[in-house]
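These are the residues of each chain, in order.
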Amino acid sequence: VQTKGQLFPTATQFLSRKYWRNTGERLGVMEEIINSCWDGANNADVEGKNSAPFRADAIISNPTTYAHVHLAEAMGVPIH
C-alpha cells in the first residue's frame, strides 16, 4: 500500500512530484468507490444468486470507503 494506511499524505509526500503524478489515478479510484457505495447499501447483489431487494440497517465501515458518513446520513441509519 503506497500510503501505508495514512488517510492524508505527509508533507514530504505532498511535496513530491510522484504524489502529484498519481493524483488522477487516485481520484478515479476514489470516485469509483464513492459511486458504488449507494448501490452496495441499497440494491440487490447483481452478481450473487440472491437478487432479493436489500437495504442496510446500519453502516459498519472503515475510513477508506470515504462515503460511509454521508451514506449513513442519507439513509437515516446508524454508523459504527
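Predicted model, so just to flag it, every value in this text is computed and none were measured. (Residues numbered from 1 in each chain as written. Predicted model: local features only at pLDDT ≥ 70, side-chain atom pairs only at ≥ 80, totals over all residues. Heavy atoms only, no water.)

**Q** Looking at this structure, how should I read the side chain of Asn-42?
**A** Summarising the element assignment, Asn-42 is placed in helix α3 (residues 23–42). Separated by 3.0 Å, the side chain of Asn-42 and the backbone oxygen of Trp-38 make a polar contact. (Helix = DSSP H or I, 4+ residues; strand = E, 2+ residues; numbered from the N terminus. Polar contact = N/O pair within 3.5 Å; in protein donor to acceptor, adjacent residues only side chain to side chain.)

**Q** What exactly am I supposed to notice about α3 here?
**A** Given 3.6 residues per turn, any residue in an α-helix points the same way as the ones three and four places further on. Look at α3: 30 Å from first C-alpha to last across 20 residues, which is about the 28 Å you get at 1.5 Å a residue. Of all bends in α3, the biggest is about 30°, found at Ser-36. Among all positions in α3, only Thr-23, Cys-37, Ala-41 and Asn-42 are buried. In this structure, the buried side of α3 is in contact with α2 (17–21) and α4 (68–75). (Expected span 1.5 Å × (residues − 1). Bend = angle between axes of the 7 residues up to and from the residue. Buried < 20%, exposed > 50% of the residue type's maximum accessible area, 1.4 Å probe, protein only. Contact = heavy atoms within 4.5 Å.)

**Q** Looking at this model, I keep getting lost on the packing of α3 against α4. Mind explaining?
**A** How two helices pack is summed up by the angle between their axes together with the distance between the axes. Relative orientation of the contacting elements α3 and α4 amounts to 45°, with a least axis distance of 10 Å. With respect to each other, α3 and α4 are oriented oblique. Considering how the two elements wind past one another, α3 and α4 form a crossing that is right-handed. Contacts between α3 and α4 involve Cys-37, Trp-38, Ala-41 and Asn-42 from the first element and Leu-71, Ala-74 and Met-75 from the second. A class-by-class count of the residues in the contact of α3 with α4 yields six nonpolar, one polar and no charged. (Axes fitted to C-alpha atoms, helices over the stretch in contact; angles between N-to-C directions. Parallel < 35°, antiparallel > 145°, perpendicular 65-115°, else oblique. Left-handed = near helix turned anticlockwise from the far one by under 90°. Nonpolar A, V, L, I, M, F, W, Y, C, P; charged D, E, K, R; others polar.)

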